[in-house]
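An overview of the molecular structure
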Amino acid sequence: MKALPKFVVLPKWGGGRNEPPPHQWWHAPSKSYNRREYGPTDTIVIHATAGSSSSGAMSVTNAGTASWHWLIPDENEEGHGQYAHRCVADDKKAWHVLRKVYFPRIYQGIALRNPGHTDINSRAYGIEIVNAQTGRDPFSDWQLRITAQIVNYHRSLHPDIGMYLVTHAYLDPGRKLDPGEQFAWERFLQYIREGEAPMPDVDEWAAADVAAVKAEGIMTGYADGTFRGREPVSRQELAVVIARLLTRMAENAPVA
Ligand SMILES: [Zn+2]
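Each chain has its residues counted from 1, running along the sequence as written. Only residues with pLDDT of 70 or above have their local features reported here, since the model is predicted, and side-chain atom pairs are shown and tallied only from 80 upward, although totals for entire chains, interfaces and linings are computed over all residues.

**Some details on the overall build of the protein chain**
Under the convention used in this document: Under the scheme used here, helices are H or I runs from DSSP no shorter than 4 residues and strands are E runs no shorter than 2 residues, and both carry numbers assigned from the N terminus. The exposure label follows from counting other C-beta atoms within 10 Å of a residue's C-beta, where the C-beta atoms are placed from the backbone and the thresholds are 20 or more for buried and 12 or fewer for exposed, leaving partly exposed in between. By definition, residue pairs are in contact when their C-beta atoms, positioned from the backbone, come within 7 Å.
Along the backbone of the protein chain there are eight helices and nine strands. When each of the 256 residues of the protein chain is scored for burial, the buried share is 35%. Here the analysis covers contacts within the protein chain between residues at least 6 apart in sequence; of these, 79% occur between residues at least 24 apart.

**Brief notes about helix 1 (residues 54-62)**
Worth spelling out the cut-off: Think of the arc as the fan of directions from the helix axis to the C-beta atoms.
Every buried residue of helix 1 is listed here: Ser-54, Ala-57, Met-58 and Thr-61. Burial along helix 1 is one-sided: seen end-on, the buried residues are contained in an arc of 95°. Among the exposed residues of helix 1, those pointing more than 90 degrees away from its buried face are Gly-56 and Ser-59. Summarising the contacts, the buried residues of helix 1 are in contact with strand 5 (70-72), strand 6 (84-86) and strand 8 (124-129).

**Focus on unusual backbone geometry**
Cis geometry is adopted by the peptide bond preceding Pro-179, which originates at Asp-178 and carries an omega value of 10°. Along the chain, Pro-179 falls in the loop between helix 5 (168-171) and helix 6 (185-194). Phi is positive for Ala-50, close to 60°, though the residue is something other than glycine. Looking at the element boundaries, Ala-50 is found in the loop between strand 4 (43-48) and helix 1. We note that Gln-133 has phi near 60°; this positive angle belongs to a residue other than glycine. By secondary structure assignment, the location of Gln-133 is in the loop between strand 8 and helix 4 (141-157).

Structural data, given as structure tokens:
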């Protein structure tokens with residue numbers, strides 16, 4: 001199994017509040033998590049268990065040494081295709097990245113303001129996907145899709161910030177490979193994008209362009225998650241859009 005070191009900054013969430021995907025609680029014992037000490041909660045870490053069962057992973061949590069917010073069942077398990085396990089509440093710190101892992105590239109610029117910048121767990125949601133990590137255990141399409149749904153759920157909880165999406169291998173390259181090269185990262189990102197804008201009120205021919213201007217922050221959706229794509233635009237609304245576009249063009253202009 002080769003490492004999968006990946007890192008992207010997801011754009012600010014443009015839609016309304018997302019519901020969490022179908023899930024069942026499998027509570028981690030209270031000795032396996034604690035309170036978040038540093039904010040904001042702006043990071044999502046993708047892991048794979050390197051084991052073949054959800055219960056095997058939870059036995060680690062029960063021993064009080066590691067934990068995660070979400071656990072995604074494998075193909076041969078009950079729950080696969082139906083629901084994810086939630087293990088630690090969103091507002092609590094789960095323990096899935098070694099505390100001494102320091103990542104200036106992610107928390108650059110925040111370090112001076114926030115002495116807890118090395119405490120990735122305080123700022124992160126951890127998603128563990130059950131996968132043997134042998135190189136012969138592909139991730140299922142459903143595993144990718146529900147993980148993407150979870151990512152978008154967390155983005156919708158923090159709509160004012162772009163969130164960091166990162167693999168464990170990227171954070172801790174000396175020790176970790178997960179989720180490994182079998183994890184189809186590009187397809188996963190595609191599912192995240194597809195879930196970004198549930199816009200039933202936008203026609204097919206315009207959907208890609210609407211998504212693009214939303215991602216750039218030039219036009220936004222409404223708080224209820226709609227875009228109201230067939231409604232007319234007033235002169236003042238058009239002025240707002242043009243002003244944002246001019247600002248964006250100035251920001252992107254090459255510095256002389
Ligand atoms: Zn991991």
